[in-house]
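Below are the chains, spelled out letter by letter.
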Amino acid sequence: MKIAEVIVDVSAYPVDRPFDYSIPETMEELIECGCRVKVPFGNRDILGFVVAIKNETEVPPDKLKPISVLLDIEPVLTGEMLELAKWMKRETISYEIDCLQAMLPSALRAKYEKMVILETDVKNLEEPLQPFFQHATKVDYKEFEKDGLLIPLKKALKMHLLSIENVVKQKGKIKEVRKVKIAADQNLLQMIYEGLSNRAKKQKQLVLWMQKHVGEIMEPEVIHEETTCSPQVLQAVIELGAAEYIFEEVYRNPFKKDVEKTDFLTLTAEQETALKDILDAMDKGSPETFLLHGVTGSGKTEVYLQAIQHCIQQGKEAIVLVPEISLTPQITNRFRSRFGEQVAVMHSGLSVGEKYDEWRKVHQQKVKVVVGARSAVFAPFENVGLIILDEEHESSYKQEDSPRYHARDVAIWRGKFHQCPVILGSATPSLESYARARKNVYKLLTLKERALKQPLPSVEIVDMREELKKGNRSMFSEKLADSIRDRLKKKEQIVLFLNRRGYSSFVLCRDCGTVMQCENCDISLTYHRYNEKLKCHYCGYEQPVPTNCPECGSEHIRYFGTGTQKVEEELTKLFPEARVLRMDVDTTKRKGAHEAILEDFGAEKADILLGTQMIAKGLDFPNITLVGVLSADTSLHLPDFRAAERTFQLLTQVSGRAGRAEKPGEVIIQSYTPEHYAIQFAKEQQYEPFYKKEMMMRHEAAYPPYYYIALIQVSHEDVMMSAEYAKRCADYLRSSLSFDASIIGPTTAGIVRLQNRYRYQCLIKYKIEPNLIPTFLQLMKIYRTEWIKKGIVLTIDLNPTMI
DNA sequence: ACAGGACTCACC
DNA sequence: GTGAGTCCTGTG
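So, how was this worked out
Residues numbered from 1 in each chain as written. Chains lettered and ligands numbered in written order. Predicted model: local features only at pLDDT ≥ 70, side-chain atom pairs only at ≥ 80, totals over all residues. Heavy atoms only, no water. Helix = DSSP H or I, 4+ residues; strand = E, 2+ residues; numbered from the N terminus. Buried < 20%, exposed > 50% of the residue type's maximum accessible area, 1.4 Å probe, protein only. Areas by Shrake-Rupley, 256 points an atom, 1.4 Å probe, with all protein chains shown as cover. Contact = heavy atoms within 4.5 Å. 1 Å grid on protein atoms, 1.4 Å probe; cavity = no way out; pocket = protein on both sides within 12 Å on 5 of 7 lines; lining within 4 Å. Points joined across faces, edges and corners; volume = space filled by probe spheres on them. Pairing = 2+ DSSP bridges. Axes fitted to C-alpha atoms, helices over the stretch in contact; angles between N-to-C directions. Near = heavy atom within 4 Å. Nonpolar A, V, L, I, M, F, W, Y, C, P; charged D, E, K, R; others polar.

Caption draft 1: Local environment of the overall build of chain A. Counting secondary structure elements, chain A contains 24 helices and 34 strands. Across its three principal directions, the C-alpha atoms of chain A cover 95 × 65 × 65 Å. For chain A, buried positions account for 53% of its 803 residues. Taken as a whole, chain A presents about 37,700 Å² of accessible surface, with 51% of it coming from carbon and sulfur.

Right, dumping it as structure tokens:
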């Protein structure tokens, strides 16, 4: 008898291991590793993944159960993915099932539904229950819940008049279209033709026409059009057997429009050199990691495109990762225009079904290239020849919840598995990666010049303290206002960037100084004008704007801070003639809104584009000649050791939006701390000196890349409990790790109370700590077997992006 | 004596 | 995670 090892769809510590199931004979020939199955687990059916097949088991026969349903004839996960999941599980301290699920589109996840089944005659049921079973013997449990009929339901269950069945379904569906298949037999058609009475003129005409299209498959609409026959006529002919309906799988099309084919651009000498190194590695089949450091506008994408071309020519596939926010049609179209139908695109803007279809294109080997956000790193190609991570420094490559994997690490793992190179590209590499490149762990490739030899835009810093002294209390310095006026006159375009983090507008009572706070978190609420509500960005809590202060009852309530909406107001006041487009969370919530705004701006339907982080990247319009950063410092003073790095990266990226074509660009950065090195070096657009300075700072403070860090968070509804167990954590770590590791804390987390839970954290800095993962696994074990019962929640984040 | 709630355990 | 089984308490 064959036995399958199955990882079951339950994220919990005691079941985070394979369970053995016997394989029924009917499945023996079909089942493979990586297939999804339905298995009985406890007293219900759940989903699971087959991770191994073997001939014997230790499980006593009376406990062994058979797999109930095989869900895939073709496995959804390759052997590589199963192995990768095991590695990820250990590397990120998470459950194997979560790792496996992370690799698949959500459409393949299980949907569990409770159904209530009628076991008797309807008349035997209590009055209120009867209507449910008038027309069906199976009714969704939720219906009873909704109508508050759980009590009579429970009674009926007890009396066995009804029973409950748990059903497992897949979330996503494969889309099918109905087509007409004309009979392949010419003689049959002839016979049908002859059998038709002369009065059936239209039918005769249709069958005659079909004889010219024997065996063809076409859409009904096409037939109607070609033959001017009504659907009824077609239906009649089909009933005679001249044709049949068939259902064909189709892919939903997530692209709004087709793109024109583009050709290769001529490379500069620098691009040529970089490309050559990459191609060599591909030819040798060497799993090298390259760091492609190219200034904004240096044509990194063209290097990617030509490397991918080479990859396809070798008969292999390529994965391109792009940060979510810059996954605009502008970017994806560059890949589609070069490689056409061979490209699949994966990002969060797609519907569940669309994502599923793009995934299936890859799974069925219908495409050669995937362009997508973080999770596309799991694209199920079997013959990967190249993996690219664009904007390598972006923090969105790290998943913020379990499994907390970093796409960069997964990419490098897959590169090793497939013996292929990985390219990390950025104008402002993360310090970690740049340090590795300097130590020759990665191979550094540099593009110093812009591809069209345009000069980098000139950058000017305006000291806002001086403006204040001059009596200018607006958010636009004189210099910036003048420049905006100038561009408006010249009909050139402007991008204004508002560094939003920590800058959202809060609401304050002017009499008692109370700031409106979230009920569940220690964080001030943000004012949203479009629906006149106050919102918590952390837990989603919402309330209407109060007319009186909840503390003192005063009516003197004021909105503070500079949200994009406020900037927009002031902008229209100052430049009434300017057409302003605002791009932020509010205006891009609707699907496709993001694209629509950029399209309008590209078509020069507006003069000024005002936005947050999301406009910092990928924006490539020739007519932008001025970029203004309203306040450079807001991200600088966050309590995070990466604050300077982030600010530098952001300013450099934003500056890169200006002067990308013939017209020279100008950048104006407003700041209250213009002397800060992150701002000064961003002005010079010099990465190297910034890197040196920042490395010094990191060295002094013992932060990455000199040390690795791990963050342990403990939370509980009760402050004391939280503090107590955080202390226990720290004590445990101190006793288990070497003296070289320093354990900081427990300290309170950045936001002490979140969703009504108090949070403490420990930070671990270490260099080489062979015992680290085992220690964490042990800590996790203690937590999951003891502390979890007390209501403690503990998370471990290795290499966190924010602390 | 028994219902209902907290707690523990196993799930193949 | 979740239902089943156990123990325990409160109530009539």
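Caption draft 2: Layout of the side chain of Thr 332. Its location among the elements puts Thr 332 in helix α12 (residues 329-339). If sequence neighbours within four positions are ignored, Thr 332 has contacts with Leu 327, Val 345 and Val 371.

Caption draft 3: How the structure looks around empty space enclosed by the protein. Applying the stated criterion across every chain, the model contains one cavity of 30 Å³ or more. Here the largest cavity is characterised by a volume of approximately 40 Å³. Along its surface, the largest cavity is lined by Thr 301, Tyr 304, Val 320, Val 322, Ile 331, Phe 335 and Asp 390. Within the residue set of the lining of the largest cavity, elements represented by two or more residues are α11 (300-313) and α12.

Caption draft 4: A look at the sheet that holds strand β30 (residues 666-671). The six strands lie next to each other as β20-β30-β29-β21-β28-β27, forming an open sheet whose pairing is parallel. Because the sheet does not close on itself, it has two edges, and the strands there are β20 (458-463) and β27 (580-583). Shown here is a sheet whose adjacent strand axes are inclined to one another by a mean of 15 degrees, direction ignored. Relative to strand β28 (residues 608-611), strand β21 (residues 493-497) is paired through four bridges, and the arrangement is parallel. For Leu 496, the partnering residue across the bridge sits in β28 and is Leu 610.

Caption draft 5: Seen up close, the protein's contact with DNA strand C. In the neighbourhood of DNA strand C, the contacting residues comprise Val 10, Ser 11, Ala 12, Pro 14, Phe 41, Asn 43 and Arg 44. When the atoms of DNA strand C within 4 Å of the protein are grouped by moiety, sugar and phosphate amount to 65% of the total. Grouping the amino acids of the surface near DNA strand C by side-chain chemistry returns four nonpolar, two polar and one charged.

Caption draft 6: Focus on the layout of surface pockets. Of the pockets and cavities examined, the second largest pocket occupies roughly 750 Å³. Class assignment of the residues belonging to the lining of the second largest pocket gives a composition of 10 nonpolar, 13 polar and nine charged.

Caption draft 7: Here's a closer look at the sheet that holds strand β14 (residues 317-321). Here seven strands make up an open sheet; going across it, the order is β15-β16-β14-β17-β18-β13-β19 and the pairing parallel. Two strands lie at the open edges of the sheet, namely β15 (343-346) and β19 (443-447), each paired on one side alone. Averaged over neighbouring strand pairs, the angle between their axes works out to 15 degrees when direction is ignored. Where β14 and strand β17 (residues 384-389) come together, five bridges link them in parallel fashion. The residue of β17 that forms the bridge with Ala 318 is Leu 386. Strand contacts of α11: β13 (289-294), β14, β16 (369-372), β17, β18 (422-426) and β19, with the helix running at about 170 degrees to β17, the strand carrying the most contacts. Its contacts with the sheet place helix α13 (residues 352-363) against β15 and β16, and it is angled at close to 140 degrees to β15.

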